[in-house]
Structure formats: structure tokens, C-alpha cells
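# Secondary and tertiary structure notes
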Amino acid sequence: MNPLAEQLNENLKAGNIHVYEMLSTLGKEIYFPKEGILSQSAEAAAGAKKYNATIGIATEDGGPMHLSAIQETLSAYKPQDLYPYAPPAGKPELRSAWREKMIAENPSIADKSFGNPVVTNALTHGLSIVADLFVDEGDAVIFPDKNWENYELTFGIRRHGVIVNYPLFTEDMKFNSQGLREALLSQKDKGKAIVILNFPNNPTGYTPGAKEGDEIVAAITEAAEAGINVVVVTDDAYFGLFFEESLSESLFGRLAGRHPRILPVKVDGATKEEYVWGFRVGFITYAAEDAAVLSALEQKTLGIIRATISSGAHPSQTFVLHALKSPEFHAQKAEKFRVMKGRANKVKALLDSGKYGDVWEYYPFNSGYFMCLKLKNVNAETLRQHLIREYGVGTIALGDTDLRIAFSCIAEENLEDLFDLVYRGVQDLQA
Ligand SMILES: Cc1ncc(COP(=O)(O)O)c(C=O)c1O
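In this text, all values refer to a predicted model and were calculated from it rather than measured experimentally. (Residues numbered from 1 in each chain as written. Predicted model: local features only at pLDDT ≥ 70, side-chain atom pairs only at ≥ 80, totals over all residues. Heavy atoms only, no water.)

Neighbouring the ligand are 13 residues, the closest being T124, D235, Y238, T271 and K272. Taking L123, its main chain carries an N or O atom lying 2.9 Å from an oxygen atom of the ligand. Interatomic distance of 3.4 Å between a side-chain N/O atom of W148 and an oxygen atom of the ligand. For the ligand, whose free accessible area comes to 400 Å², the fraction covered by protein is 92%. Where the shell around the ligand is concerned, the elements lending two or more residues are α6 (122-134) and α11 (270-273). With 3 residues, the single largest contributor to the shell around the ligand is α6. Split into classes, the residues belonging to the shell around the ligand amount to 6 nonpolar, 4 polar and 3 charged. (Near = heavy atom within 4 Å. Polar contact = N/O pair within 3.5 Å; in protein donor to acceptor, adjacent residues only side chain to side chain. Areas by Shrake-Rupley, 256 points an atom, 1.4 Å probe, with all protein chains shown as cover. Helix = DSSP H or I, 4+ residues; strand = E, 2+ residues; numbered from the N terminus. Nonpolar A, V, L, I, M, F, W, Y, C, P; charged D, E, K, R; others polar.)

Turning our attention to the environment of A288. In this structure, A288 sits in the loop between β9 (282-286) and α12 (291-308). Classification of A288 as buried rests on a relative accessible area of 10%. The spatial distance from the C-alpha of A288 to the C-alpha of R258 is 9.4 Å, given a sequence separation of 30 residues. Among all residues touching A288, those that are not within four sequence positions of it are S113, V293 and L294. (Buried < 20%, exposed > 50% of the residue type's maximum accessible area, 1.4 Å probe, protein only. Contact = heavy atoms within 4.5 Å.)

Further remarks concern the packing of helix α8 (residues 177-185) against helix α9 (residues 210-225). For the pair α8 and α9, interaxial distance at closest approach is 9 Å and the crossing angle is 15 degrees. When the axes of α8 and α9 are compared, the pair comes out roughly parallel. For the pair α8 and α9, the sense of crossing is right-handed. Here α8 contributes S177, L180, R181, L184 and L185 to the contact with α9, which in turn contributes E215, I216, A219, I220, E222 and A223. For the contact of α8 with α9, a count of residues per class yields 7 nonpolar, 1 polar and 3 charged. (Axes fitted to C-alpha atoms, helices over the stretch in contact; angles between N-to-C directions. Parallel < 35°, antiparallel > 145°, perpendicular 65-115°, else oblique. Left-handed = near helix turned anticlockwise from the far one by under 90°.)

One pass over the full model with this rule turns up 24 salt bridges. Notably, a salt bridge pairs K91 with D81, separated by 3.3 Å at the nearest N-O pair. Taken together, the positions of K91 in the loop between α4 (68-71) and α5 (92-105) and D81 in the loop between α4 and α5 put the pair 10 residues apart, joining distant regions of the chain. Overall, K91 belongs to the buried group, its relative accessible area being 10%. With a closest N to O distance of 3.1 Å, K266 and D268 form a salt bridge. (Salt bridge = Lys/Arg side-chain N within 4 Å of Asp/Glu carboxyl O.)

Attention now goes to the sheet that holds strand β4 (residues 140-144). One open sheet holds the 7 strands; their spatial order is β3-β9-β8-β7-β6-β4-β5, and the pairing between them is mixed. Two strands lie at the open edges of the sheet, namely β3 (118-120) and β5 (162-166), each paired on one side alone. In this sheet, adjacent strand axes meet at a mean angle of 25 degrees when their direction is disregarded. Summarising the sheet, β4 and β5 pair through 5 bridges and their orientation is parallel. Directly across from I142, in β5, lies its bridge partner V164. On top of the sheet, α9 reaches β6 (192-197), β7 (229-235) and β8 (262-269); it is set at about 155 degrees to β7, its chief contact. (Pairing = 2+ DSSP bridges.)

Our next topic: the nonpolar core. Membership of the largest hydrophobic core comes to 72 residues, with the highest contact counts inside it found for F134, W360, F419 and V422. In terms of domain composition, this core takes at least three residues from each of domain 1 (3-32 + 88-325) and domain 2 (329-430). Ignoring sequence-local partners within four residues, the contact set of F419 consists of V347, L350, L351, Y356, W360, M371, L373 and I405. (Core = buried A, V, L, I, M, F, W, Y, C linked by side-chain atoms within 4.5 Å. Domains from an automatic or database assignment.)

Our next topic: the domain arrangement of the protein. Domain boundaries assigned for the protein yield domain 1 (3-32 + 88-325) and domain 2 (329-430). In this structure, domain 1 and domain 2 have C-alpha centres spaced 30 Å apart. Domain 1 puts 26 residues into the contact, and the matching count from domain 2 is 22 residues. Here domain 1 meets domain 2 over a buried area of about 2200 Å², counting both sides, of which 61% is carbon and sulfur. Residue K348 pairs with E244 through a salt bridge whose shortest N-O separation is 2.8 Å. At the junction of domain 1 and domain 2, the tally comes to 14 residue pairs in polar contact (both at pLDDT 80 or more). (Buried area = accessible area lost by both parts, 1.4 Å probe.)

Structure, rendered in C-alpha cells:
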């Protein structure tokens with residue numbers, strides 16, 4: 001094993017042996033090279049005042065070489081904020097700004113010990129870093145039966161984790177923390193599990209309330225007390241879009257500092273929150289009591305980044321940083337929140353109006369981009385195809401009964417027409 005990896009592992013063992021035990025083989029072996037091109041370049045950037053002939057970019061007139069054809073459309077930004085490589089951990093200012101935003105929006109973490117967010121190529125990349133660092137063949141990866149389909153590829157296919165699903169809802173349509181608890185406790189023999197919490201949930205648009213939040217934290221704590229090492233990932237992709245009474249902070253805060261066998265990992269980003277899906281800017285943040293543990297986890301994360309994408313795109317980090325610092329940012333976000341909440345409320349009013357008879361129920365929703373119908377008499381995939389063909393309406397079929405509707409991309413005034421057409425589609429198939 002590389003001595004740097006060994007040193008990080010020793011630091012983890014000394015700081016919290018359970019975090020070391022949670023690592024995959026790759027997680028144990030990975031490290032961020034200290035004496036490679038990047039560190040020599042960093043040293044040169046600080047000290048080589050005459051000629052800096054280190055890293056592989058080209059310079060001209062004291063700045064990064066660039067083409068006018070590109071710069072002329074980006075003239076609001078300085079070339080040095082666009083063209084050079086961003087550091088593997090991301091632009092330092094962006095990392096601090098995101099950390100501040102995280103604390104402002106999650107007061108429960110203000111007094112907790114957690115690291116500096118590391119920039120990822122958006123949330124998918126953050127999740128795959130978690131998979132690389134913590135999932136070995138056969139490790140249990142626990143998440144509900146209604147989930148973002150990509151977890152299967154990231155944790156199952158790519159890392160050979162064993163996917164353990166539990167029903168998201170209880171019979172009275174609350175979060176099934178008992179299901180989570182049982183799935184966790186059934187991993188006692190393995191002594192390890194990776195749990196993914198995703199609120200607002202994709203596909204249902206559900207975020208639990210305070211009592212359910214307490215139960216989730218209690219279930220995870222019980223597993224930790226039973227000797228199971230639990231990596232808890234909060235996939236906070238749709239964070240902030242809470243339209244009704246529900247938790248409005250990430251459970252990352254509640255889990256931080258809770259138990260030495262719980263490692264909370266927050267995966268979040270600008271993708272959905274700031275409406276910049278294609279920018280690919282996300283973050284991964286760890287909570288741990290010991291500074292050396294946080295530092296070792298950051299180094300290992302940087303090792304994975306260096307080995308896969310080397311560093312994230314610089315321009316989009318600059319754009320997001322600019323937005324976070326803009327005096328208009330909060331007002332503009334509040335305006336978009338109002339639009340999204342208006343759509344969610346409208347959908348609920350339509351569904352509760354009684355006009356759609358008895359052809360579907362809907363799963364509880366109170367947040368995020370989506371809601372899900374539960375069809376009573378027709379197959380979801382048959383309906384989906386019929387809706388496209390006959391009415392030019394696109395929806396997502398999930399399993400036999402569920403139809404996901406992204407109200408996030410339908411104007412409020414068109415929602416009634418949309419649901420009328422879906423209803424008509426169901427009637428056509430029933431006839
Ligand atoms: C729950 C959830 N997590 C993560 C992602 C991925 O986000 P990103 O586009 O930032 O990779 C999505 C996107 O659909 C999602 O729904």
C-alpha cells in the first residue's frame with residue numbers, strides 16, 4: 001500500500017476506527033498524491049515569481065491563453081476565473097460560500113463538527129464517490145422502494161453493493177422508519193450498511209415530518225448501538241423546496257456527532273436548487289468529531305476525484321459562486337420557490353377536487369419537483385405510451401401502478417389540462 005494511503009488509514013484508525021472499517025478496499029487504498037504535479041505547481045504558484053513552467057495550461061500576457069471566440073460570449077468573467085484548472089477540491093471561495101449557505105439553511109449543524117464541502121461534478125458524482133469509498137462487493141445499500149433509479153447503477157452495478165429496499169410508506173402513508181430499521185438491523189452479521197436518505201424524495205415528492213425524522217434518526221442510532229457501522233448519505237438534491245409542514249433541514253445535521261458508528265455524508269449541489277442542471281456543480285461533505293478523520297476523508301475524496309475527473313469544470317463553479325454572492329440571489333430564489341409552490345398547491349387542489357373520480361390515488365407529496373399517481377385499474381406503462389401517442393403528454397411510468405408527474409416543468413395554468421388529459425387517457429384504456 002502507498003505510504004500516504006497508509007498514513008491516512010492510520011489517522012482514521014486513531015481518530016475513529018469505525019470510519020476506517022467502513023471504507024471499501026478502494027477507499028483504503030486511495031490517497032491524494034502529495035508530491036506530484038499538482039503540489040509542485042501549487043508550490044510554484046506561490047513562490048516562482050520569475051517563470052512558472054509547471055502545470056499544463058498555456059499562458060499569454062500574464063493570464064491564461066484563450067480564444068476570443070469563447071471569451072467574447074463570457075466577457076462578464078475574468079479569464080482566470082474560467083480557463084485554468086479549478087483545484088481538485090473545487091474553488092476555495094465556492095467551498096466556503098456553500099458551507100455558509102449550508103449553515104444558514106440548516107441551523108442544526110452550526111455547532112456540529114463537519115468538513116469543508118468538496119466540489120463534485122454534481123450529485124451523481126458525489127454519490128459515486130461515496131460508492132467508491134465505502135461500497136465493496138456484497139455490502140448492503142439500503143434505500144426505499146421508491147427511489148431515483150440511478151442508485152442501482154451507482155451502487156449496485158458499478159460497485160456490486162447488494163440493494164436492500166424497504167417500502168417507503170407505511171399503510172397510513174407516513175415514512176416507514178420501521179422498514180428502514182428492520183433493513184438496517186438485518187445487516188448485523190455484516191456489521192456494515194450504507195443508507196441513502198433522499199428528501200424531498202424522487203419520485204414521490206415526499207419529505208417526512210418532525211416525528212418521522214426523529215424515528216429515522218432513532219432507527220439509525222439503534223443500528224449503530226447494535227454494532228453496525230452505518231454510512232448515511234443524505235441525497236439532498238431537491239433541498240429547500242419544502243412547500244408544506246415537513247422537515248426543512250437535512251437530517252445530516254441531526255446525525256452529525258450522533259454516534260461513532262454513524263458517518264453522515266451530505267451530497268447536495270446547485271443542480272436542482274439553483275436551477276443549473278447542466279452546470280454540474282455539486283458538493284460532498286462529511287461529518288466527524290475528529291479533525292484528522294475529516295481531513296483523511298477529504299484526502300481520500302480528492303484521490304478519487306484526481307483518479308476519475310482530475311478536477312471539476314471551472315466556469316460553472318465561477319457562475320455558481322457569482323450567483324451565491326449576488327445581492328439578488330435570495331430574492332430571485334424566493335420568486336422561483338413561489339412558482340414551484342404554486343404548481344404543487346395547484347396539483348393538490350386538482351387532485352382533491354373530486355373531478356377525477358376513482359381512477360387513481362396519489363402518494364403524499366409536500367416538496368421537490370415531482371408527485372406520483374397510483375393508478376387503480378390500468379397499467380402505468382400502457383397509460384404512459386397511450387398518453388404520448390394520443391395526447392402528446394409525457395410522463396414517467398414506474399412499476400405497474402405508479403406514474404410520475406414532474407409538475408416542476410408544467411406552468412400552473414396548464415396543470416388542469418395536463419391532469420384532464422391523463423384522466424382521459426385512463427378512461428380510454430378502461431373503455
Ligand atoms: C434524488 C436525486 N439525486 C441525485 C440526482 C442527480 O443530480 P445531478 O444532476 O446533480 O447529478 C437526481 C437527478 O435527477 C435525483 O433525482
